[in-house]
Amino acid sequence: MNILVTSAGRRGYIIEYFKEILKEKGKVYAGNSDTFSPAFYYADEYVVTPLIYDKEYIPFLLDFCKQKDIKIILSLFDIDLLVLARNKEKFEHSGIWVVVSSEAVINICNDKWNTYQFCRKNGFLSPRTFLDMKQVEMAVSSRSIAYPVMIKPRWGMGSLAVYEAYDEQEMRILVEKCKRDIQSSYLKYEAALDLKQCVVIQEKLTGQEYGMDIINDLSGVYCCNVVRKKYAMRGGETDCAAVVKDQKMNLIAKQVSKALGHIGNLDVDLFVVEDKIYLLEMNARLGGGYPFSHLAGINYPKALIQWVEGKSADSALSIKQYNQIVQKDIQFVNLSMIASGGMDGDGSKQ
């Protein structure tokens, strides 16, 4: 069984997790539009793809999957998820599993305004969120919120173009700066859906930050969840954390799973403020916090393969270790082989 991980980027550890499970039973391919992607180093083979919004992207992936007999595709990038969700049936007709939620679910998770509306509709606490600066000013005047407020791209990720405004004047300046940042980055593609309202302004929460993996099966049925207490962040990703037991968050995880009905893993950010749990953001994919879950005993790659094979995955989805503080490390990867063309034209290692 061969697997393709698209938008693999720097997530070499995800490639390794799948290789550990497959061993000689199949190959793990890494795909990315950037030739210098560290994940290529870890993959059995790699492929440089067109850009996600290129009209040739989906035909290219389909053709590549047929050539390499790939049975499972999953992506590690939010923008990629939406494109794959829209084209999921094309792959299914060729017997290829695309591990992605429906377009409706992706739109809830990728769009922070939609996430906020989802939380309000389903009774989850969430920081007050606005699309209009005048509404923020009115909320401040009525003392329902106070400065500072957070300025974020509505369709943002990885803490790109996120700012903190301490008064009205600074808010206005930073909203405009955020818009300029969006237009000069890959965020411009989704922001094109609503250029006038491509920035959200959020109430700032002060408290303990947590993360959760909420894992559903390929039918969108809840299987398990993992709660992570965060100790440090870096570049929008969890850098240091420990898997902990928390019954209140476990209950929220089951409620989110049922309300959203996502496929596979859902990466969730939460804040605890004075014993109240606020849901901040959701990513319908494996997030930067997944390695902490994996080290605690969860084996999502194994579960995914077992589901596709029609088997039970219960044994792969149990937490075995709690309260171990784990921190990510930085290591270097030699990409000179890729840079010099030291691989075959199809991305296989010589």
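Above this text you will find the structure in question.
(A) Region of interest: the overall build of the chain. Regarding its fold elements, the chain presents 14 helices and 15 strands. Relative to the compact-globule value of 20 Å for 350 residues, the chain shows a C-alpha radius of gyration of 20 Å, a close match. Taking the principal axes of its C-alpha atoms as reference, the chain extends roughly 65 × 45 × 40 Å. Of all 350 residues assigned to the chain, the portion counted as buried reaches 54%. If you take every contact in the chain between residues at least 6 apart in sequence, the share linking residues at least 24 apart comes to 63%. Where the 43 positive side-chain charges of the chain centre and where its 43 negative ones centre are 3 Å apart.

(B) Up close: the sheet that holds strand β5 (residues 97-98). The 5 strands are arranged β3-β2-β1-β4-β5 in an open sheet whose pairing can be described as parallel. Among the strands making up the open sheet, the edge pair consists of β3 (45-48) and β5. Bridging between strand β2 (residues 28-32) and β3 involves 4 bridges; their strand directions are parallel. Within β3, the position partnered with Gly31 by the bridge is Val47. In the packing of helix α1 (residues 12-22) onto the sheet, contacts are made with β1 (2-6), β2 and β4 (70-75), and the angle to β2 comes to roughly 160°. Along the sheet, helix α4 (residues 78-86) contacts β1, β4 and β5; its crossing angle with β4, the most-contacted strand, is approximately 135°.

(C) A look at the packing of helix α6 (residues 103-110) against helix α7 (residues 112-122). For the pair α6 and α7, interaxial distance at closest approach is 5 Å and the crossing angle is 100°. Compared by their axis directions, α6 and α7 come out roughly perpendicular. Residue-level contacts link Asn107, Ile108, Cys109 and Asn110 of α6 to Lys112, Asn114, Thr115 and Phe118 of α7. The residue inventory of the contact of α6 with α7, partitioned by class, reads 3 nonpolar, 4 polar and 1 charged.

(D) Representation of the sheet that holds strand β15 (residues 326-327) in the model. With antiparallel pairing, the 6 strands of this open sheet are ordered in space as β14-β13-β10-β11-β12-β15. The open sheet has two edge strands with one neighbour each: β14 (276-283) and β15. One ladder, built from 2 bridges, connects strand β12 (residues 237-244) with β15; its direction is antiparallel. Among the inter-strand pairings, Ala241 is bridged to a residue of β15, identified as Val326.

(E) Region of the structure containing the environment of Gly207. With respect to the element layout, Gly207 can be found in the loop between β9 (199-203) and β10 (208-216). Judged by its relative accessible area of 41%, Gly207 falls in the partly exposed class. As for Gly207 and Ile277, which are separated by 70 residues in sequence, their C-alpha atoms are 9.8 Å apart. Apart from residues no more than four positions distant in its own chain, Gly207 is found in contact with Phe271, Val272 and Val273.

(F) Representation of the packing of α4 against α6 within the structure. Orientation of α4 relative to α6, taken along the N-to-C sense of each, is 160°, at an axis distance of 9 Å. Here α4 is positioned roughly antiparallel relative to α6, judged by the angle of their axes. Classified by chirality, the crossing of α6 by α4 is left-handed. Taking contact as the criterion, the partners of Asp78, Ile79, Leu81, Leu82, Ala85 and Arg86 in α4 are, on α6, Glu103, Ile106, Asn107 and Asn110. Class assignment of the residues belonging to the contact of α4 with α6 gives a composition of 5 nonpolar, 2 polar and 3 charged.

(G) Examining the packing of aromatic side chains more closely. The full count for this structure, using the stated rule, is 11 aromatic pairs. Feature note: the residues Tyr13, Tyr17, Tyr290 and Tyr300 constitute an aromatic cluster, connected by ring pairs. The side chain of Lys245 reaches across the aromatic face of Tyr322, ending 4.9 Å from its centre.

(H) Focus on helix α9 (residues 168-183). Counted at 1.5 Å a residue, the expected span for α9 with its 16 residues is 22 Å, and the 23 Å between its end C-alpha atoms agrees. Contacts from the buried residues of α9 go to α8 (133-141), β7 (149-153), β8 (163-165), α10 (188-191) and β9. The residue sitting at the N-terminus of α9 and contributing the capping side-chain oxygen is Asp167; that oxygen lies 3.3 Å from the backbone nitrogen of Gln169.

(I) Quick peek at a nonpolar patch on the surface. Together, Leu51, Tyr53, Leu160, Tyr186 and Tyr189 give the surface a local cluster of nonpolar side chains, amounting to about 450 Å² of exposed area. Among the secondary structure elements, Leu160 is positioned in the loop between β7 and β8.

(J) Expanded view of the pairing of β14. Taken across its 8 residues, β14 has 7 buried, putting it largely inside the fold. Alignment of strand β13 (residues 265-273) against β14, held across 7 bridges, turns out to be antiparallel. Bridged to Val273 within β14 is Lys276. Counted between consecutive antiparallel strands, the loop separating β13 from β14 contains 2 residues, among which Glu274 sits at a positive phi close to 50°.

Quick notes on the rules
Residues numbered from 1 in each chain as written. Predicted model: local features only at pLDDT ≥ 70, side-chain atom pairs only at ≥ 80, totals over all residues. Heavy atoms only, no water. Helix = DSSP H or I, 4+ residues; strand = E, 2+ residues; numbered from the N terminus. Rg over C-alpha atoms; globule rule 2.2 N^0.38 Å. Buried < 20%, exposed > 50% of the residue type's maximum accessible area, 1.4 Å probe, protein only. Contact = heavy atoms within 4.5 Å. Lys, Arg positive; Asp, Glu negative; His and termini not counted. Charge placed at Lys NZ, Arg CZ, Asp CG, Glu CD. Pairing = 2+ DSSP bridges. Axes fitted to C-alpha atoms, helices over the stretch in contact; angles between N-to-C directions. Parallel < 35°, antiparallel > 145°, perpendicular 65-115°, else oblique. Nonpolar A, V, L, I, M, F, W, Y, C, P; charged D, E, K, R; others polar. Left-handed = near helix turned anticlockwise from the far one by under 90°. Phe/Tyr/Trp six-rings, centres within 6.5 Å; stacked < 30°, edge-to-face > 60°. Lys NZ or Arg CZ within 6 Å of the ring centre and 35° of its normal. Expected span 1.5 Å × (residues − 1). Polar contact = N/O pair within 3.5 Å; in protein donor to acceptor, adjacent residues only side chain to side chain. Patch = residues over 30% accessible without salt bridge, like charges linked within 9 Å, V, L, I, M, F, W, Y side chains within 5 Å. Areas by Shrake-Rupley, 256 points an atom, 1.4 Å probe, with all protein chains shown as cover. Salt bridge = Lys/Arg side-chain N within 4 Å of Asp/Glu carboxyl O.

This is a description of form; function is not addressed.
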